[in-house]
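Each chain, letter by letter, is given below.
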Amino acid sequence: MLELQDVHVYYGGIHALKGVSLTVEEREIVTLIGANGAGKSTTLRTVSGLVRPRSGKILFEGKPIQNLRADQIAARGIAQVPEGRRVFATLTVRENLEMGAYCRRDRQEVRADMDRVFHLFPRLQEREKQLGGTLSGGEQQMLAIGRALMARPRLLLLDEPSMGLAPLLVTEIFRIIQEINKAGTTILLVEQNANQALRIGRRAYVLQSGEVVMSGPAAKVAADPEIRRAYLGG
Amino acid sequence: MVEIIQQLINGLSLGSIYALIALGYTMVYGVLKLINFAHGDVYMVGAFAGFFAATSFGWGFFPTLLFAMAVAAVLGLLIERVAYRPLRNASRIAALITAIGVSLFLENLGILILHPDPRAFPDLIGLRTFEIGPLLINNRQLVIIGTSVLLMLLLHYIVTRTKMGKAMRAVAEDGETSRLMGINIDRTIAFTFALGSALAAAAGVLVGIYYTRIDPLMGFMPGLKAFVAAVLGGIGLIPGAMLGGLVMGIAEVFVVAFISSSWKDGVAFAILILILLLKPSGLLGRAAREKA
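Residues numbered from 1 in each chain as written. Chains lettered and ligands numbered in written order. Predicted model: local features only at pLDDT ≥ 70, side-chain atom pairs only at ≥ 80, totals over all residues. Heavy atoms only, no water.

## Quick word on the overall build of chain B
Moving on, step 1. Secondary structure summary: chain B contains eleven helices and four strands in total.
Moving on, step 2. For a compact globule of 292 residues, the expected C-alpha radius of gyration is about 19 Å, and chain B comes in at 19 Å, within 12% of that figure.
Moving on, step 3. Its C-alpha atoms give chain B principal-axis dimensions of about 60 × 45 × 35 Å.
Moving on, step 4. The proportion of buried residues among the 292 residues of chain B is 54%. (Helix = DSSP H or I, 4+ residues; strand = E, 2+ residues; numbered from the N terminus. Rg over C-alpha atoms; globule rule 2.2 N^0.38 Å. Buried < 20%, exposed > 50% of the residue type's maximum accessible area, 1.4 Å probe, protein only.)

Okay, structure coming up:
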């Protein structure tokens, strides 16, 4: 469904991605782990068009997207839950969700999806008219995920969804990610919290200094002694 | 006391004109973080578009108003496309200098094509003055205040109820995340320019009706004052521009009535200095939050 072929990204003089290649198959959860600054977020930002690769190809459903604008890529069916949630603080919860559905014209279906999001996150319905900025961190994460779902994406990119959340909430978020995946959405998940992320992923890639240093079934990656030492705390 | 209420009425009419212009400054600043110094000149072009609609076509108030707003909206789109869009990734100072350049261009083009002499704006609304007790209020003031209120309600509807309006607020808050939603930033910015320019043109027509004189440099001082009004209310905040405009209008009228008419323009800049010293984020602004 998604294929990166030898993608190089530069930030000014910094070579942030040094030929990253990876694939995500339909209906998979693929986990991308790595240390801070390894290029995980950059990979997602490149897929969603916020960053342009200098060279390499990105194919989505067989078509190259590396030269499209971010809004065009979103319209093709890729949604992103950005790092740090990036909820619209001055828009209400409902308006945030509406923005998620910006590309869609099927009004009735959008309304049904909003009900679905409210069913998934009842807290959001309670706070429907509140401004995004007044929500707690966990609620904002739910809103960011709900907002991405409103696009009815075929591919969902999640950038550190567990960041800054209490352990119980992290478990809840991971449960919901699996639920979303079971309902048919393909997921590419970036996480610092490698333990849980590898548990829900089918396959995993390990990124180090802008290069893929390991890949394979998530369980196998999680069992690798080197990976255990570097990312899983022993 | 009567005098104060009388001046309040006068101040409200002037203030609603400033508010209409200030809205364009603040909305464009919201989405582009640019002070569009050519905005006052768009207001001037709007006044002239109204002038020609009324004199050449012999149109009445409402068609004239709509025509002027449409002309200015197109001009706003044109300015954005030609002058600002190519600088989207340039430094902010480059865009600001360009804005000043566009302003000078429009003013001098106006002088060249329209002649620098003031023209008498056609009498679209025959002057009638009502006495309410000791207060004097004329129908032009009522039209100005009424039209402004109507336009601001319309703007409020657009910004809170329509998809484009909500997208405008989203882009103003976080452009990058807006793009992830599939929002086309360029189109949203263009829409913002059209909207702000149309409001400025409405102000131009209303001023023509109120002061009955227009000229190619008429946009300079009201443009600056409306900019101060936007800063006073809190730049980027739509309710701030409305409030700032009204406060500015009332302050100006009061200073003229009770102190000296030579302070007419000075008061605006005194307010600017005060607000920058005391509350730089503006009356309705909260201290700037840094985005992560």
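## Some remarks on the packing of aromatic side chains
Moving on, step 1. Scanning the model with the defined rule gives eleven aromatic pairs over all chains in all.
Moving on, step 2. Geometrically, the ring pair formed by Phe48 of chain B and Phe51 of chain B is edge-to-face, given 6.3 Å between the ring centres and 65° between the ring planes. One end of the pair, Phe48 of chain B, and the other, Phe51 of chain B, are both in helix H2 (residues 39-56), three residues apart, so they sit about a helical turn from each other. The same class applies to Phe48 of chain B as to Phe51 of chain B, namely buried.
Moving on, step 3. Pairing Trp59 of chain B with Phe67 of chain B gives two aromatic rings, centres 5.6 Å apart and planes at 85°, and the pair type is edge-to-face.
Moving on, step 4. Since its relative accessible area comes to 34%, Trp59 of chain B is described here as partly exposed.
Moving on, step 5. Positioned above the aromatic ring of Tyr10 of chain A is the side chain of Arg54 of chain A, whose terminal nitrogen or guanidinium carbon lies 3.7 Å from the ring centre. (Phe/Tyr/Trp six-rings, centres within 6.5 Å; stacked < 30°, edge-to-face > 60°. Lys NZ or Arg CZ within 6 Å of the ring centre and 35° of its normal.)

## Things to note about the pattern of salt bridges
All names here are of chain A.
Moving on, step 1. Following the criterion strictly, the structure yields 28 salt bridges over all chains and no others.
Moving on, step 2. Its salt-bridge partner being Arg152, residue Glu109 comes within 2.7 Å of it at the nearest N-O pair. Of this pair, Glu109 sits in helix H4 (residues 107-120) while Arg152 sits in the loop between helix H6 (137-149) and strand E7 (155-159), and the two are 43 residues apart along the sequence.
Moving on, step 3. Residue class for Glu109 comes out partly exposed when judged on its relative accessible area of 35%.
Moving on, step 4. Put simply, Arg123 and Glu139 hold a salt bridge, and the shortest N to O gap is 3.1 Å. With Arg123 in helix H5 (residues 122-126) and Glu139 in helix H6, this pair connects stretches of sequence that are 16 residues apart.
Moving on, step 5. According to the relative accessible area criterion, Arg123 is partly exposed, its value standing at 38%. (Salt bridge = Lys/Arg side-chain N within 4 Å of Asp/Glu carboxyl O.)

## What about a positive patch on the surface?
Moving on, step 1. Among the surface-exposed residues, Arg105, Arg107 and Arg111 of chain A together with Lys163 and Arg187 of chain B lie close enough to one another that they form a single positively charged patch.
Moving on, step 2. Tracing the backbone through its elements, the reader meets Arg107 of chain A in helix H4. (Patch = residues over 30% accessible without salt bridge, like charges linked within 9 Å, V, L, I, M, F, W, Y side chains within 5 Å. Areas by Shrake-Rupley, 256 points an atom, 1.4 Å probe, with all protein chains shown as cover. Lys, Arg positive; Asp, Glu negative; His and termini not counted. Charge placed at Lys NZ, Arg CZ, Asp CG, Glu CD.)

## Focus on the interface of chain A and chain B
Moving on, step 1. Taken together, the contact between chain A and chain B spans 26 residues of the former and 19 residues of the latter.
Moving on, step 2. Counting the surface lost from both chain A and chain B, the interface buries some 2,200 Å², and carbon and sulfur atoms represent 54% of this.
Moving on, step 3. The largest share of the area that chain A buries against chain B comes from Arg86, Phe88 and Tyr102 of chain A, three residues that together contribute 30% of it.
Moving on, step 4. Applying the counting criterion to the chain A and chain B interface returns five salt bridges.
Moving on, step 5. Close ionic contact of Lys166 of chain B with Glu98 of chain A constitutes a salt bridge, the shortest N to O distance being 2.5 Å.
Moving on, step 6. If you look at where chain A meets chain B, you find ten residue pairs in polar contact (both at pLDDT 80 or more).
Moving on, step 7. Elements with a contribution of two residues or more to the side of chain A that touches chain B: helix H2 (70-76) and helix H3 (93-100) of chain A.
Moving on, step 8. Broken down by element, the side of chain A that touches chain B gets its largest block of residues, four residues, from H3 of chain A.
Moving on, step 9. The residue inventory of the side of chain A that touches chain B, partitioned by class, reads twelve nonpolar, five polar and nine charged. (Contact = heavy atoms within 4.5 Å. Buried area = accessible area lost by both parts, 1.4 Å probe. Polar contact = N/O pair within 3.5 Å; in protein donor to acceptor, adjacent residues only side chain to side chain. Nonpolar A, V, L, I, M, F, W, Y, C, P; charged D, E, K, R; others polar.)

## What about a nonpolar patch on the surface?
Residues and elements named next belong to chain B.
Moving on, step 1. The grouping of Met1, Ile4, Ile5, Phe258, Ile259 and Trp263 at the surface amounts to a nonpolar patch, some 660 Å² of accessible area in total.
Moving on, step 2. Tracing the backbone through its elements, the reader meets Met1 in the segment before helix H1 (2-32).
Moving on, step 3. Note on Met1: relative accessible area 70%, which makes it exposed.

## Considerations on the packing of H1 of chain B against H2 of chain B
Think of two packed helices as two axes; the pair is described by the angle between the axes and how far apart they sit.
Residues and elements named next belong to chain B.
Moving on, step 1. At their nearest, the axes of H1 and H2 sit 10 Å apart, and the two run at 135° to each other. Taken together, the axis directions place H1 and H2 in an arrangement best described as oblique. Crossing of H1 over H2 shows right-handed handedness. Taken together, the residues of H2 that come into contact with H1 (itself represented by Ile21, Gly24 and Tyr25) are His39, Gly40 and Tyr43. (Axes fitted to C-alpha atoms, helices over the stretch in contact; angles between N-to-C directions. Parallel < 35°, antiparallel > 145°, perpendicular 65-115°, else oblique. Left-handed = near helix turned anticlockwise from the far one by under 90°.)

## A short note on the sheet that holds strand E4 (residues 55-60) of chain A
Residues and elements named next belong to chain A.
Moving on, step 1. The antiparallel open sheet is built from four strands, whose spatial order is E2-E1-E4-E5. Edge strands, defined here as strands with exactly one partner in the open sheet, are strand E2 (14-24) and strand E5 (63-64).
Moving on, step 2. Across eight bridges, the pairing between strand E1 (residues 2-11) and E2 is antiparallel. Considered in E2, the bridge of Val7 is made with Val20.
Moving on, step 3. Against the sheet, helix H1 (residues 40-47) engages E1, E2 and E4, with an angle of about 110° to E1. (Pairing = 2+ DSSP bridges.)

## Details of the environment of Ala170 of chain B
Moving on, step 1. Looking at the secondary structure, you find Ala170 of chain B in helix H6 (residues 163-173).
Moving on, step 2. According to the relative accessible area criterion, Ala170 of chain B is buried, its value standing at 0%.
Moving on, step 3. Through-space distance from the C-alpha of Ala170 of chain B to that of Thr188 of chain B is 9.9 Å; in sequence the pair is 18 residues apart.
Moving on, step 4. Not counting residues within four places of it along the chain, the set of residues in contact with Ala170 of chain B comprises Phe88, Leu91 and Met99 of chain A together with Gly175, Ser178 and Ile183 of chain B.

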